[in-house]
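The chain contents come next:
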Amino acid sequence: MHIVFLFLLAVFLFENAPLYVNREAVAATSTNNVQTFEQSKSKLLYLLQKYNNGNLKIEQLIEQISVHDLSLLIFSSLKLTGSEIKIVDGVSIFSGVASGRACFSVDSIKKFSDPVVLVKTNMNGSDLGQMSRISGIWLLEEDPTSHASIVIRVMSKPCVTMTKGILSKNKLLIAGKEIKEGDYITIDGTNGCIYHGSPEIIVPKDFPEFKEFMSLLNKVNKMKVYANADLPREVMEAYRYTADGIDVRTEHMFFSPHRLQLFRKLLFTHSCDFHEKDFKSLMLAQLSDFLELFKLSNGAPVTVRLLDPPPHEFLPKNPEEEAGFANSLGIDSNQAKSLIKEVKEQNPMLGFRGARLLIRRPNIIRLQCHAMFSAAKEYLKNNDGSITLKICVPMISFIEEIDKVKVVVFETYDKVFGKMAPSYKKRFTFLFGIMVETPRIALLSDKLRDMVDFVSFGTNDLTALTFGVSRGDMADRYFDFYKKELIDGFDPFVSLDKAVMRLVEMTKHNRPLSKPHKLW
């Protein structure tokens, strides 16, 4: 359901953010205004009645429905009676409600047949592979704009964070209360609250007036809206709510246990052998993924961001995880310790990721592009439709990086499509682009004119690098003080900063396009 929320949010916020909506940051905001599904539904019905009677303009109707109203109409919520025992307030990462037994590690999930709520300080890659068994997530310290937080939203798991406590193997001490593993707890991601026990949950139901409201939004929408959607159910949900296309972050496709093992080999292939059979296994898995995405998109644009994993999130955090890590790579514990030490970075978000990883590991480019192009070829042979594929390279700093990646991408295209019949090629639109996430590439954007078909702005990283801050650390260390004393509540990770906006405008101005629709 997250993609629905983003779609509606984009329509609501367009007037104040004409070029881009910082989706992750907006979704991370929390409210303590406890409201119910029925109240939001009644409000919408009342306003629609006024609109249909001619007493309200469409713009006035939209203005009076808040983002919080929409979240209650889309996500599950709690029916509060006043007798609930609240444990703590936090910050929402993803809306909705989940109840279950508290589990303090992914290994303890198998102890319970009931639904579980994972309680951890932070998330890492190995945790994300267990998402199907988890109904909700409570994180004590995870930053709402981290990569793990983004993955949680894409996977639509109710989640609350920023609730500091002391977590041990079997219990959590927080706000003067003790929670033991196996206790029933409830996550209210919409309001950012955690409760003891299992209060009654209200599951929203479709009603005709909501669909009517959606059609009204489409009438005033002035921009195309793409949805972050990596799995078939997410893609179907996106198009159900009239998304114009999908944006795929491919690292999210590798979280199942088997794929995670191969994924780690792929990431750390400089120290561990990555055999042809492993390459083929991952390539065929990706081919199947992309073929399904093309079928569901039915000609709508599919933008695929090449692999951009923060490697530190896939490293073990304790001795138990270290043993599993060594086993997955087929190495002993001493080799694993040496590898972890070698790979560990002081600031991973500014480290070996994006284009830097792809250039050093060109097999990753070949694997992903071979899967994409082969899936497109298979689709075109067996269907009458067309495909629009946009391949996007993340974290570019040097113009030379673009050339280096582009050569491998187009070599792979020629290998797959070289002998393809022209009639098939005519139905395949392929665009090559980059993410503008570093100020350097924005400042050199006049050099991009003949190199790429489109650019995409990664506003979270562009903001962090423009300010010279770590978005995960700034809130705790000094930014709350800044918002109160210096900058009057402004948060650059929620609203676009004027300096970041200037970089976006500069890139747009420096790179006039013959086909403006390619810039999205």
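Our structure is the block above this text.
Let us look at the structure shown here.

What follows covers the pairing of strand β19 (residues 454-457). Residue alternation in β19 divides its side chains into two sets, Phe454 and Ser456 and Val455 and Phe457, and both sets are buried. Pairing of strand β18 (residues 428-436) with β19 involves four bridges; the strand directions are parallel. In the sheet register, glycine 433 faces β19, and the bridge partner there is phenylalanine 454.

Sheets are built from strands paired through backbone hydrogen bonds, the pairs being either parallel or antiparallel. Strand order in the open sheet made by the three strands is β8-β9-β10, with antiparallel pairing throughout. Two strands in the sheet have a free side with no partner beyond their single neighbour: β8 (166-167) and β10 (177-180). Here strand β9 (residues 171-174) runs beside β10; their pairing, made up of four bridges, is antiparallel. If you follow leucine 173 over to β10, its bridge partner there is glutamate 178.

Inspection of the entire model under this criterion finds 14 aromatic pairs. With a centroid separation of 5.2 Å and an interplanar angle of 80°, the aromatic rings of phenylalanine 373 and phenylalanine 430 are classed as edge-to-face. Placement of the pair is phenylalanine 373 in helix α15 (residues 362-382) and phenylalanine 430 in strand β18, with a sequence separation of 57 residues. No difference in accessibility class separates phenylalanine 373 from phenylalanine 430, as the two residues are buried. Counting every residue linked through ring pairs, the aromatic cluster contains Phe373, Phe410, Tyr413, Phe417, Phe428, Phe430 and Phe432. In this structure, lysine 41 is placed above the aromatic ring of phenylalanine 207, and the distance from its NZ or CZ to the ring centre is 4.9 Å. A cation over a ring is seen here: lysine 390 above phenylalanine 454, with NZ or CZ 5.5 Å from the ring centre.

Right, let's talk about the sheet that holds β19 for a bit. As summarised here, the arrangement of the six strands in space is β14-β15-β16-β17-β18-β19, forming an open sheet in which the pairing is parallel. Among the strands making up the open sheet, the edge pair consists of β14 (226-228) and β19. Strand-to-strand twist in this sheet, taken as the mean axis angle between neighbours without regard to direction, amounts to 25°. Pairing between β14 and strand β15 (residues 245-249): three bridges, direction parallel. When the bridges of β15 are listed, tyrosine 226 appears paired with glycine 245. The sheet strands contacting α15 are β16 (302-305), β17 (387-393) and β18, and the helix crosses β17 at an angle near 175°.

Here is what the cut-offs are and how they apply
Residues numbered from 1 in each chain as written. Predicted model: local features only at pLDDT ≥ 70, side-chain atom pairs only at ≥ 80, totals over all residues. Heavy atoms only, no water. Buried < 20%, exposed > 50% of the residue type's maximum accessible area, 1.4 Å probe, protein only. Helix = DSSP H or I, 4+ residues; strand = E, 2+ residues; numbered from the N terminus. Pairing = 2+ DSSP bridges. Phe/Tyr/Trp six-rings, centres within 6.5 Å; stacked < 30°, edge-to-face > 60°. Lys NZ or Arg CZ within 6 Å of the ring centre and 35° of its normal. Axes fitted to C-alpha atoms, helices over the stretch in contact; angles between N-to-C directions. Contact = heavy atoms within 4.5 Å.

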